[in-house]
Amino acid sequence: MFVAGTDTSITTSEWMMAEILSHPNEMKKVQQEVRSVVGNKSKVDPEDVPKMEYLRCVVKETLRLHPPAVFIPRRTRATASGKLGGYDIPCNTEVLINAGKNQTNSSQRGLRKTPYIPFGMGRRGCPGMSFGVASVEYVMANLLYCFDWKLPAGETPEKVGMTELYGLVVSKKTPLHALVIPHSSSYRNHMYQI
Ligand code: HEM
């Protein structure tokens, strides 16, 4: 439960930051939205987040490209066997559905057939979906509101490492390095008060 609820959201936040650091235009667009919604407050309030539509799209796209729980386990029916993609699937067998491969299969994209299953599906689908999405959106909105993010000297957007490391969740193989610059004057005032 702890892994299901924490590692998934944290990993998604890290992938999202890696993606927007490697796509500076997207960083600008999503940050502008966050800052225009929040205005001059010292931090993002939870009720600001539903107004951030572009942020939601970026979170969704991150989950499409980098679903943290990539293998979805299912047991086939006790009595019915079948064929799938040329393979014989016996009855009463544990199979793993590769959510990541299905979501990014370019031969299916454009035909509107690509499944989107970062939270699994059906009765066994993730019960923490709404909470997971809300947590990532809230954390990312605050990080984008309070700070400007830059790559360290010598690193370029094209070179941000996107190699995956398979474990309980699929995380970034190389840690993300970024320079953090406090943004708003209201934020600085807030920090000095602590
Ligand atoms: C970005 C965040 C999250 C992602 C991508 C995610 C993804 C998933 C996936 C793919 C499954 C397997 C679903 C299936 O078999 O069809 C799952 C199961 C589960 N998740 Fe999440 N999850 C997230 C956040 C959370 C949170 C915040 C909680 C709880 C607070 C949570 C609790 C669970 C539990 C208990 C299961 C097992 C359900 C079962 O086996 O019946 N998840 N999650």
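Above this text you will find the structure in question.
We now turn to the structure provided with this report. Given the structure is predicted, the values throughout are model-derived calculations rather than measurements.

### A short note on the site of the ligand
1) Next: Every one of the 22 residues lining the ligand counts as a neighbour, but Ala4, Arg74, Met121, Arg124 and Cys126 are closest to it.
2) Next: Arg74 is positioned such that a nitrogen or oxygen atom in its side chain is 2.6 Å from an oxygen atom of the ligand.
3) Next: Elements that contribute at least two residues to the shell around the ligand include exactly helix H1 (2-21), strand E1 (71-75) and helix H5 (129-146).
4) Next: The class makeup of the residues in the shell around the ligand is 12 nonpolar, eight polar and two charged.

### Details of the packing of aromatic side chains
1) Next: Under the definition given, this model contains two aromatic pairs.
2) Next: Measuring from ring centre to ring centre gives 6.1 Å for Phe71 and Tyr166, while their planes differ by 40°; the resulting arrangement is tilted. On the criterion of sequence distance, the pair formed by Phe71 in strand E1 and Tyr166 in strand E6 (residues 164-166) is long-range, its members being 95 residues apart.
3) Next: On the basis of relative accessibility, which here comes to 40%, the residue Phe71 falls in the partly exposed class.
4) Next: Centre to centre, the rings of Phe147 and Trp149 are 6.1 Å apart; their planes meet at 80°, and the pair counts as edge-to-face. Trp149 shares its class with Phe147; the two are buried.

### Considering the coordination of the iron atom of the ligand
1) Next: Counting protein donors to the iron atom of the ligand gives just one, Cys126 (SG), placed at 2.3 Å.
2) Next: By the secondary structure assignment, Cys126 is in the loop between helix H4 (99-103) and H5.

### A word on the packing of helix H2 (residues 24-38) against helix H3 (residues 53-65)
1) Next: Contact pair H2 / H3: the axes reach a minimum separation of 8 Å and the direction vectors enclose 135°. Compared by their axis directions, H2 and H3 come out oblique. Of the residues in H3, those in contact with Glu26, Lys29, Val30 and Glu33 of H2 are Glu53, Tyr54, Leu55 and Val58.
2) Next: Grouping the amino acids of the contact of H2 with H3 by side-chain chemistry returns four nonpolar, no polar and four charged.

### Some details on H2
1) Next: Here H2 is 15 residues long and its end C-alpha atoms lie 21 Å apart, about the 21 Å a rise of 1.5 Å per residue gives.
2) Next: Where H2 is concerned, the buried positions are Met27, Val30, Gln31, Glu33, Val34, Arg35 and Val38.
3) Next: Remark: Gly39 follows H2 within two positions and exhibits a positive phi of approximately 75°.

The rules behind these values
Residues numbered from 1 in each chain as written. Predicted model: local features only at pLDDT ≥ 70, side-chain atom pairs only at ≥ 80, totals over all residues. Heavy atoms only, no water. Near = heavy atom within 4 Å. Polar contact = N/O pair within 3.5 Å; in protein donor to acceptor, adjacent residues only side chain to side chain. Helix = DSSP H or I, 4+ residues; strand = E, 2+ residues; numbered from the N terminus. Nonpolar A, V, L, I, M, F, W, Y, C, P; charged D, E, K, R; others polar. Phe/Tyr/Trp six-rings, centres within 6.5 Å; stacked < 30°, edge-to-face > 60°. Buried < 20%, exposed > 50% of the residue type's maximum accessible area, 1.4 Å probe, protein only. Donors = N, O, S within 2.8 Å, 3.2 Å for Na, K, Ca; no water. Axes fitted to C-alpha atoms, helices over the stretch in contact; angles between N-to-C directions. Parallel < 35°, antiparallel > 145°, perpendicular 65-115°, else oblique. Contact = heavy atoms within 4.5 Å. Expected span 1.5 Å × (residues − 1).

Everything listed here is a matter of geometry and, on its own, says nothing about what the molecule does.
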